[in-house]
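Descriptive analysis of the structure
Residue-level listing of the chains:
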Amino acid sequence: MTVVDGWTLVATEGPVQVWRGPGSGPPIVAAHGMEDGWKSWRTVLGALPGYTPYSLHLPWCGGTDYAWTAEGSPADWLRRALALLPERPRALFGHSFGANAILAHLADLPQQDDTAAELDAVVLVAPFYRPAGFPLSDQLRTRSVAALRRVLVEGLRVSLGPRAARMDREVLALMEGKLLERAVPSAFPVFYAAFEDSGHLDLSRVTVPTLIYVGPGDEGLTPMRASALADAVPAATLRSRPGYGHFCHIDRAEEMTAEVADFLRDPRSAADSSEGGTTVTELLDGQPTSYVGSPRYEGANIRTWIGFKHFMYLVEEGVLQYFRDRGVGARDIYHRYGLGLEIVDSSVQLPVALEAEEQVYATVVSGKPKPGQGAPFNVSLTVEREGETVTVLKGKVQVALVAVKDGSGSEPVPAILEPYVVPDVAALTNSAKATLEIPAGSTVADVLAPEGSGAYLWDWRAPYYYCHFSDRLQHSAYIRTMEEVVDRFLADRGLAVGKLLDERGWIPVVSRARVQMLSDIYMEETVHTVFKVEDILKDTMYTARMDCYVRRGDTLERAATGTIMHGYAISRGEQAGTVAVLDEATQATLLGGAA
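Residues numbered from 1 in each chain as written. Predicted model: local features only at pLDDT ≥ 70, side-chain atom pairs only at ≥ 80, totals over all residues. Heavy atoms only, no water.

**Overview of the pattern of salt bridges**
Opposite charge on two side chains allows them to pair when their charged atoms are near. Rules: The rule for a salt bridge is simple: a side-chain nitrogen of Lys or Arg has to be within 4 Å of a carboxyl oxygen of Asp or Glu. Relative accessibility under 20% of the residue-type maximum defines a buried residue, over 50% an exposed one, and the middle range a partly exposed one, all with a 1.4 Å probe and only protein chains included.
In total, this model carries 27 salt bridges according to the counting rule given. A salt bridge links R493 to D492, with the shortest nitrogen-to-oxygen separation between them at 2.4 Å. When its relative accessible area of 10% is taken as the criterion, R493 is described as buried. Its relative accessible area of 46% is what places D492 among the partly exposed residues. With a shortest N-O distance of 3.4 Å, D547 and R558 are connected by a salt bridge.

Put into structure tokens, the structure is as follows:
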């Protein structure tokens, strides 16, 4: 008798093995994915009380040469494995290639076979699917090769667990290269054939309540194809969870186990309330949303450090994901309700630098709203470095849903969104609003940057590509403006970024930033941006203020305001890595003089 970690090998035939785990009750059986093995399902199955768990080791396991395809289809091999079980299964679990084998098995069962009738439930994790009408192309094939390569590498790292983070990079890269060199040429034709055929399966015959898990970024089951699969399986429940990847049954096992346990208790009820469209009763529900992304390469302006603007782009993506997860994504809000989702206030701290190509984990949690100020969120961005989680951003964001000019919304705004709807940005409660009179005979410059004020004025035209919804400047436009006006101010004062890099090795560093929208500026209006350094902190940092105005007749309306805390790090020499001390001349120049 072979026993591994409490699991017993109960049957074997050729490349097929059946392993039984500890537990008693109705039997549940799992099939693994390509280049994987029976061990991958142990955590989830072993954590489901009241069942007898079985995990199959199938011929598409790691290290195979795929010669098994000459002796039967994946469904054929799955049936052979199921025939070795000492009892009929009540639920089937499948991951990736194993999930598709289950679908093919159930779709192709002979009419007289009562196997499906004895099943209570099916759970499929990261299956792949191509609707019959989805066109095949060379581009799709190449994209599928890339997707398989990424999944194989991810699978290797998941199987290594915490060891992967501790391994020498060259050793890990060598292992990945060997895996791809061996597996892709033989595995891809088998995978792609199953992908091609998936849309031709008669899935209307799969009447067992079926729970389908898909990660938002999994190319094997994109949102469009996931919906098509859910529609094709009569009793399907689709679960798309932020943060879930191709191997969520391993790296998110605890969360998945709790959901699966609920599903197994009442599979028919879950099928009746399938998540074809997410229904929520409260927008600010206190539950976190996660988003995984990387900073745009565009932001690596000095070495591979990323500029603060791209931190903010990742914050924006996390907030958008929060709304999507609750079934009210920005696109639907626009087309269904005639509203524009707009970040109207953002305040962030940046304690640690972010590097190009780092994987960033955004977490978004709702805050406590105040009347007339939009929907509040707390956002953090973290990365994993040397086995630890490092916070690179902490911030607060306010979101408003602004009526869109010529909006085509055909549905009434749902109650969960109504508290955050405003006719325009100016309708928000904000004490920073202000208007300035332009006296007769005076210019905008006379009012905003009078001689001796130390203020810098920059006038620019609001281009369409800084706007949202064919109409008004968006939040990120003011983030870009903050970045550019700092650069223009420093160049005007003789402290240009390039000059300080060359002469002193000083690298600009932003540690805090805030941008608030106060009213709307519309496409192609002139924006009058004022920038002024307000204080020097401990001879190392300066705080500055940005205000954006738009002229309305003889008054200037403040449409946005922001603050930034800026300093420099030394990039070379004996003091490399330390904070630069601002000499008196530099301080005087920043505060209003000329270099």
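**Focus: empty space enclosed by the protein**
Cut-off, in case you're wondering: Here a cavity is any set of points on a 1 Å grid over the protein atoms alone where a 1.4 Å probe fits but cannot get out, and a pocket is any open set with protein on both sides within 12 Å along at least 5 of 7 lines; a residue lines the site when it has an atom within 4 Å of a point. Grid points are joined across faces, edges and corners, and a volume is the space filled by probe spheres set on the points. Helix and strand labels come from DSSP, where a helix needs a run of H or I of at least four residues and a strand needs a run of E of at least two; each type is numbered from the N terminus.
This structure, assessed with the given rule, holds one cavity of 30 Å³ or more. The space that makes up the largest cavity amounts to roughly 50 Å³. What lines the largest cavity is simply M312, Y313, V315, E316, I343, S346, V397, H475, S476 and I479. Where the lining of the largest cavity is concerned, the elements lending two or more residues are helix 11 (308-325), strand 11 (339-349) and helix 14 (475-492). Considering each element in turn, the lining of the largest cavity owes the most residues, four residues, to helix 11.

**Thoughts on the pairing of strand 22 (residues 541-552)**
Here is the rule: By this definition, two strands are paired if DSSP reports at least two bridges between them.
In terms of burial, strand 22 is a largely internal element, nine of the twelve residues being buried. Looking at chain direction, strand 21 (residues 526-537) and strand 22 are connected through nine bridges and run antiparallel. Paired with L537 across the bridge in strand 22 is M541. Here strand 21 folds back onto strand 22 in antiparallel fashion, the turn holding three residues, of which K538 has a positive phi close to 50°. Pairing analysis gives twelve bridges linking strand 22 to strand 23 (residues 555-570), with the strands arranged antiparallel.

**Concerning the sheet that holds strand 2 (residues 7-13)**
For clarity, the cut-off: Should any heavy atoms of two residues lie within 4.5 Å, those residues are considered in contact. In this analysis, axes come from line fits to C-alpha atoms, helices being fitted only over the stretch in contact, and the angle between any two N-to-C directions falls in the range 0 to 180 degrees.
Taken in spatial order, the nine strands of this open sheet run 1-2-3-5-4-6-7-8-9, and their pairing is mixed. Strands with a single pairing partner mark the edges of an open sheet, and in this sheet they are strand 1 (3-4) and strand 9 (236-240). Across five bridges, the pairing between strand 8 (residues 210-214) and strand 9 is parallel. Bridging across to strand 9, I212 finds its partner in L238. In the packing of helix 3 (residues 97-107) onto the sheet, contacts are made with strand 4 (27-31), strand 6 (91-95) and strand 7 (121-125), and the angle to strand 6 comes to roughly 135°.

**Points about helix 6 (residues 169-198)**
We apply this condition: A helix's residues, less one, multiplied by 1.5 Å, set its expected span. Here the bend at each residue means the angle between axes fitted to two seven-residue stretches, the one ending at that residue and the one beginning there. Under this definition, polar contacts are N or O atom pairs within 3.5 Å; protein pairs additionally need one hydrogen-donor-capable and one acceptor-capable atom, and for neighbouring residues in sequence, both atoms have to be side-chain atoms.
An ideal rise of 1.5 Å per residue puts 44 Å on 30 residues; helix 6 reaches only 37 Å between its terminal C-alpha atoms. Where helix 6 bends most, at V184, the angle is about 50°, and the proline P185 comes one to four residues later. Of the residues that open helix 6, the one with a side-chain oxygen 2.9 Å from the backbone nitrogen of E170 is D168.

**Here we look at the nonpolar core**
Basically, it comes down to this: Nonpolar cores are built from buried Ala, Val, Leu, Ile, Met, Phe, Trp, Tyr and Cys residues. Side-chain atoms within 4.5 Å join them into one set.
Core analysis: the biggest nonpolar cluster contains 84 residues, and F323 and L473 have the highest contact counts within it. Apart from residues no more than four positions distant in its own chain, F323 is found in contact with L283, V328, G329, I333, L341, F377 and V399. F128, Y129, L160 and L229 belong to the second largest nonpolar core, which has 61 residues in total.

**Points about the environment of R42**
Note on placement: R42 falls in helix 1 (residues 42-46). Residues R42 and S55, 13 residues apart in the sequence, show an inter-C-alpha distance of 7.4 Å. Here R42 is in contact with D5 and W7, once residues within four sequence places are set aside.

**Notes on the pairing of strand 17 (residues 456-461)**
Here strand 17 shows a clear split, with Y456, W458 and W460 buried on one side and none of L457, D459 and R461 buried on the other. The pairing of strand 17 with strand 21 spans six bridges and is antiparallel. Note that in strand 21 the partner of W458 across the bridge is T529.

**Section: the packing of aromatic side chains**
Selection rule: Here is the rule: rings of Phe, Tyr and Trp (six-membered ring for Trp) pair when centre to centre is within 6.5 Å. Planes less than 30 degrees apart are stacked, more than 60 are edge-to-face, and the remainder are tilted.
Inspection of every chain in the model, using the stated rule, returns 26 aromatic pairs. A centroid spacing of 6.3 Å and a plane angle of 35° characterise the contact between F97 and F128, whose relative ring orientation is tilted. Residue F97 is located in helix 3, and its partner F128 is located in the loop between strand 7 and helix 4 (138-160); the two are separated by 31 residues in the primary sequence. The same class applies to F97 as to F128, namely buried. Between F188 and F191, the ring centres sit 6.1 Å apart and the planes meet at 50°, which makes this aromatic pair tilted. A residue pair is termed a helical-turn pair when its members lie 3 or 4 positions apart in one helix, as F188 and F191 do in helix 6 at three residues.

**Describing unusual backbone geometry**
Residues other than glycine seldom take positive phi values, yet E35 does so here, at roughly 60°. On the accessibility criterion, E35 (15% relative accessible area) is buried. With phi around 60°, S470 is a residue other than glycine that occupies positive phi space.

**With respect to the confidence of the model for the chain**
We apply this condition: Summary of the metric used: pLDDT quantifies the predictor's per-residue confidence within the range 0 to 100.
Across the chain, the average pLDDT comes to 90, with 96% of residues at 70 or higher. For the stretch residues 273-279, pLDDT sits under 50, and the model shows ten contacts to residues farther than four places along the chain or on other chains.

**Considerations on the environment of G409**
In this fold, G409 is placed in the loop between strand 14 (388-403) and strand 15 (421-422). Accessibility expressed as a relative area gives 34% for G409, which makes it partly exposed. Taking the C-alpha atoms as reference points, G409 and H566, 157 residues apart in sequence, are found 43 Å from one another. Contact partners of G409, with chain neighbours within four places excluded, come to Y334, H335, R336, Y337 and G338.

**Side note on the environment of M175**
Looking at the secondary structure, you find M175 in helix 6. A relative accessible area of 31% means that M175 is categorised as partly exposed. Other than its neighbours up to four places away in sequence, M175 contacts L156, L160 and M167.

**A few points about the packing of helix 4 against helix 6**
The cut-off we apply is this: Small angles under 35 degrees read as roughly parallel and large ones over 145 as roughly antiparallel, with 65 to 115 read as roughly perpendicular and the rest as oblique. Crossing handedness: left-handed means the near helix sits turned counterclockwise from the far one by under a right angle, and right-handed means the same turn made clockwise. Note that Gly is not counted as nonpolar here; it falls among the polar residues with everything else outside the nonpolar set of Ala, Val, Leu, Ile, Met, Phe, Trp, Tyr, Cys and Pro and the charged set of Asp, Glu, Lys and Arg.
Across the interface, helix 4 lies against helix 6 with an axial gap of 8 Å and an inter-helix angle of 130°. By the criterion of interaxial angle, the relationship of helix 4 to helix 6 is oblique. When you trace helix 4 past helix 6, the crossing you get is right-handed. Contact residues: helix 4 offers L140, R141, S144, V145, L148, R149, L152, V153, L156, R157 and L160, while helix 6 offers L172, M175, E176, L179, L180, A183, V184, A187, F188, F191, Y192 and F195. For the contact of helix 4 with helix 6, a count of residues per class yields 18 nonpolar, one polar and four charged.

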